[in-house]
Structure formats: structure tokens, C-alpha cells
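In case you want the letters, here they are:
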Amino acid sequence: MIPNSKDKADSMAEMHGASVSGIPLEEPNQESQLKDRKTEVLPHRSHDPSNNLKRSDPFKFGSRYLQEDDDVFEFNAWDHVTPDESYYAYAEEQYAHQRASPVSDFDKHRFNSDPAKWWNKFYSNNTSNFFKNRKWLHQEFPILSKLTTTDAGPSTILEVGAGAGNTAFPILAANENPKLIIHACDFSSKAVDLIKANKAYDPQQIKASVWDISSDELPPDLTEESVDVVLLIFIFSALNPLQWDAAVKNVWRALRPGGEVCFRDYGRGDLTQVRFKKGRLMGERFYIRGDGTRVYFFEEKELRSIWSQNSTLSESNGFEDGKIEEPKTKEGSATGLKPDFDVVSLGVDRRMLVNRQRQLKMYRCWMQGRFKKTGNLKPD
Ligand SMILES: C[S@@+](CC[C@H](N)C(=O)[O-])C[C@H]1O[C@@H](n2cnc3c(N)ncnc32)[C@H](O)[C@@H]1O
């Protein structure tokens, strides 16, 4: 069943992906796993109580396969579920409604001229409990386990769009490396205040600061090529697409050669996109939420193009109409050169969440990737 338009279930938490986000992808060896699965004896893994959502912490994702003889409403969630035709039809209908009534020019300006203001409001209204702690990080991004072992030596993680610290603090809690430093940056000063106010805030290991990823400078206390890992968890979707280039360049500058970006964000067709009503669309797949924060929904080829200079995206997606703010950093102003990343992995994570009481199916879609800094900056 598809959620009907009167459904008020899209609570603020869900709109921000807070209640359900943070789900790992199947590891790259997917094909062989699929083969194995065909020969598996039922009950399949989704029925194994050790994999049940409520029983393991962190929950091991990717193992609840919906099969023909399953009762969909037996569990809260199923992994790797491709939405059915009726969902796609409903989504297209919704997109048409959204396009027919886009955000007014007045509001475009209101929400794009000072996006940090809206995130500050958000963090004034929501405490650090709003986003769920991202406990699955080590599972999904093994480099984090490597850097947090006792004898890993001096290691630097930069988290951008760190919010209230729901990613940084779980990493710190699991950390055994006395020489690890996490730089947790956000352009919202209210978010940074929340991180600093957290009782786990230890300035020897975590430094929170205000920094805009699209600015001309690197974050405070960080020099070029000094960072081992950059974490981008649900932050890229908050940027105006016109800011992507500047953001990627800054990440590239901060990372040491061989350093890695760990990326997770919203994917096209996620229920939170489909549910947007009229007066929310600012550009193709770019919306304004009720609280004034912006959100974009990515496609795989687009992310490949953003991170890898070997790939190009020629289509315009409507941001050049002059009605959306200009990026603070002009294209190329930081270096005049293009950064170069290897896409180590990139995939779509689909999940079907089930409201068992109301017999509703909800399709979620996230993108997850790892991008490695390789060669040198090359001319545009
Ligand atoms: C959806 S929240 C994600 C918070 C956190 N990463 C998490 O997953 O819990 C997006 C965050 O990105 C921050 N943000 C948005 N635009 C930014 C920018 N240009 N530079 C730095 N941070 C930004 C917002 O203030 C907000 O804290």
C-alpha cells in the first residue's frame, strides 16, 4: 500500500532521515552472496532472531531478504527491496505535482541567502537527541576501525556537517587510539555549541568548530593534506548544487594523498522526497523542508560525476536560473584546478520499512560511497 496524501506520518524526524537513516550497504561481493542465497535453506536469514532489528546493537543491516512466502508485515524492515510499480507511479505523480507548484522566487531567496540561519533555528529547536547516533559507521567504513585501534598512531578525521555530534561521539566512544583527533565542523554555530556542551566532549580528542564547506578556507587548525578521513554524512544534500565543486575542492585540499571520503546521503525516490507537497521544490530533486532547511536527492551517476573527474554530467538541472543563491566560492577560486578521486565504492541502499499497525510500506533510499584521493590536481 502506498501512503496516502493525507498521511501525516512524515514527522520532522523522518523528513530529516533521523528516525531511520544510517543503514549500511551490502559489501561489494554482492554477486556471490546472491548466488549463495539461492541455495540457502529456509528459514532464510531474515528470520534469524540474531538479525532482528530489536536484538542486535548495532543492527547488522543487509540480511533481511524479502522472499515470496514471507509475510511483509512480520518485520519492521526489509533490505534491498526494489519498490513495486505502483510506488514508482505514485512517485511520478507526486513529482509532477511538485513541479507544477515550485517554491516562489521570494522563498527561494529567503531560504538560499543564509542557509546557516535555518540550521541554527533547527538546532535551537532540536537537541542533540534529534538525530540517531550513527553506530553502524565502523561496519560500513572499515577505515574508521583501522584509525581507532590502539596503535594506529597519529590520525585525523574531519567530519563536515557534524550537527550535534551523532557521528563523532560514537566514533570517539569506540576509539582506542590516544593519537586520534576528530575535527567536527558545521556551519551552524548552534550545532557546534551542542557538540561542545556534550559531556563526552574532550578537547584532546575532538575539536568542534564553525566551518562552511563551500568557503575559501580550510577548517580552523587544519592544514593542506593533513586529514586521513573526511566524513560526509547527510551533509551534501544540504548544499545548493552550485556549491558542490567548492565543497569537493576543500575536501580534496584537506585530505592527504590516499586519504578517503566516507559518504552517505539521500537517494532519488526516497519516500521523504516523494512525500513533498506543493511549494517545496527549488530545482530538480532539490527541496526546502518545512523548517527552512534544504535537501537534495542524489542519483548514482551524478555522485560519480561529482567525485570523479573522469566522469562528466552534462545535463543542467535548473540551478543556473539566477534565482538560487550564488555559491560563496566562485568556481575554481580556491585552486583553479579540479580534484581527482577514485570511486572505491558507490551504491544505492534500498530499504522497505513497514508500519505493521497501519499496514503501510515505506520505501527508503540512500546513497553510500567511498572516494579516495589519488593523483594531483589537474587543470580544468
Ligand atoms: C542532516 S544534518 C546531518 C548531521 C549529521 N551529519 C548527522 O548525520 O547526524 C546536515 C548538517 O549539515 C550542516 N551543513 C549544511 N550546510 C553546510 C555547509 N555548507 N557547511 C558545513 N555544514 C553544513 C547542517 O548545519 C547540519 O548540521
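Below, the structure is looked at part by part.

Calculation criteria
- Residues numbered from 1 in each chain as written.
- Predicted model: local features only at pLDDT ≥ 70, side-chain atom pairs only at ≥ 80, totals over all residues.
- Helix = DSSP H or I, 4+ residues; strand = E, 2+ residues; numbered from the N terminus.
- Buried ≥ 20, exposed ≤ 12 C-beta atoms within 10 Å, placed from the backbone.
- Contact = placed C-beta atoms within 7 Å.
- Pairing = 2+ DSSP bridges.
- Right-handed = clockwise from strand over helix to strand, strands pointing away.
- Arc of directions from axis to C-beta.
- Axes fitted to C-alpha atoms, helices over the stretch in contact; angles between N-to-C directions.
- Core = buried A, V, L, I, M, F, W, Y, C linked by C-beta atoms within 7 Å.
- Nonpolar A, V, L, I, M, F, W, Y, C, P; charged D, E, K, R; others polar.

1. Here we look at the overall build of the chain
Right, so step 1: The secondary structure content of the chain amounts to 12 helices and 13 strands.
Right, so step 2: In the chain, buried positions account for 42% of the 380 residues.
Right, so step 3: Long-range contacts, defined here as pairs at least 24 residues apart, represent 80% of the contacts in the chain between residues at least 6 apart.

2. A closer look at the pairing of strand S6 (residues 255-266)
Looking along a regular strand, one sees the side chains alternate between the two faces of the sheet.
Right, so step 1: S6 sits mainly inside the fold: 9 of its 12 residues count as buried.
Right, so step 2: Looking at chain direction, strand S5 (residues 227-233) and S6 are connected through 6 bridges and run parallel. Counted as the bridge partner of Leu231 is Cys262 from S6.
Right, so step 3: Between S5 and its parallel partner S6, the chain crosses via helix H10 (residues 244-254), and the hand of that crossover is right-handed.
Right, so step 4: As defined by bridge partners, S6 adjoins strand S12 (residues 360-373) across 7 bridges and the pair is classed as antiparallel. The partner of Cys262 across the bridge, within S12, is Arg370.

3. A look at the pairing of strand S2 (residues 155-160)
Right, so step 1: Most of S2 sits out of view: 6 of its 6 residues are buried.
Right, so step 2: Side-chain alternation along S2 places Ser155, Ile157 and Glu159 on one buried face and Thr156, Leu158 and Val160 on a second face that is also buried.
Right, so step 3: Direction of pairing for S2 relative to strand S3 (residues 180-186): parallel, over a ladder of 6 bridges. Bridge pairing in S3 links Ile157 to Ile182.
Right, so step 4: Note: S2 against S5, 4 bridges, orientation parallel. Bridge pairing in S5 links Ile157 to Val229.

4. Examining the environment of Lys179
Right, so step 1: With respect to the secondary-structure elements, Lys179 resides in the loop between helix H8 (168-174) and S3.
Right, so step 2: In the structure, Lys179 is positioned 32 residues away from Leu147 in sequence and 9.3 Å away in space, judged by C-alpha atoms.
Right, so step 3: Apart from the residues lying within four places of it in its own chain, the contact partners of Lys179 are Gly153, Pro154 and Ser155.

5. Points about helix H12 (residues 300-307)
Right, so step 1: Three or more residues of H12 are buried, namely Glu302, Leu303, Ile306 and Trp307. Axial view of H12: buried residues confined to an arc of 125 degrees, hence all on one face.

6. Let's talk about the sheet that holds strand S8 (residues 286-288)
Right, so step 1: Across the sheet, 3 strands lie side by side as S7-S8-S9; this open sheet has antiparallel pairing. For this open sheet the edge positions go to strand S7 (281-283) and strand S9 (294-296), each flanked by a neighbour on one side alone. Each strand axis lies, on average, 30 degrees off the axis of its neighbour in the sheet, ignoring direction.

7. Quick notes on unusual backbone geometry
Right, so step 1: Phi is positive for Asp221, close to 70 degrees, though the residue is something other than glycine.
Right, so step 2: One non-glycine residue, Phe234, lies in positive phi territory at about 55 degrees.
Right, so step 3: On the neighbour-count criterion, Phe234 (23 C-beta atoms within 10 Å) is buried.

8. Some remarks on the nonpolar core
Right, so step 1: With 82 residues, the main nonpolar core has Val230 and Leu232 as its most contacted residues.
Right, so step 2: Top element by residues in this core is H10. It accounts for 7 residues.
Right, so step 3: Apart from the residues lying within four places of it in its own chain, the contact partners of Leu232 are Val160, Gly161, Val261 and Phe263.

9. Examining the packing of helix H5 (residues 115-125) against helix H9 (residues 189-197)
Right, so step 1: Packing of H5 against H9 leaves a shortest axis separation of 7 Å and a crossing angle of 35 degrees. Each of Trp119, Asn120, Tyr123 and Ser124 in H5 lies in contact with H9, whose residues at this interface are Ser189, Lys190, Ala191 and Leu194.
Right, so step 2: In terms of residue class, the contact of H5 with H9 is made up of 4 nonpolar, 3 polar and 1 charged.

Everything listed is a geometric property; what it means functionally is a separate question.
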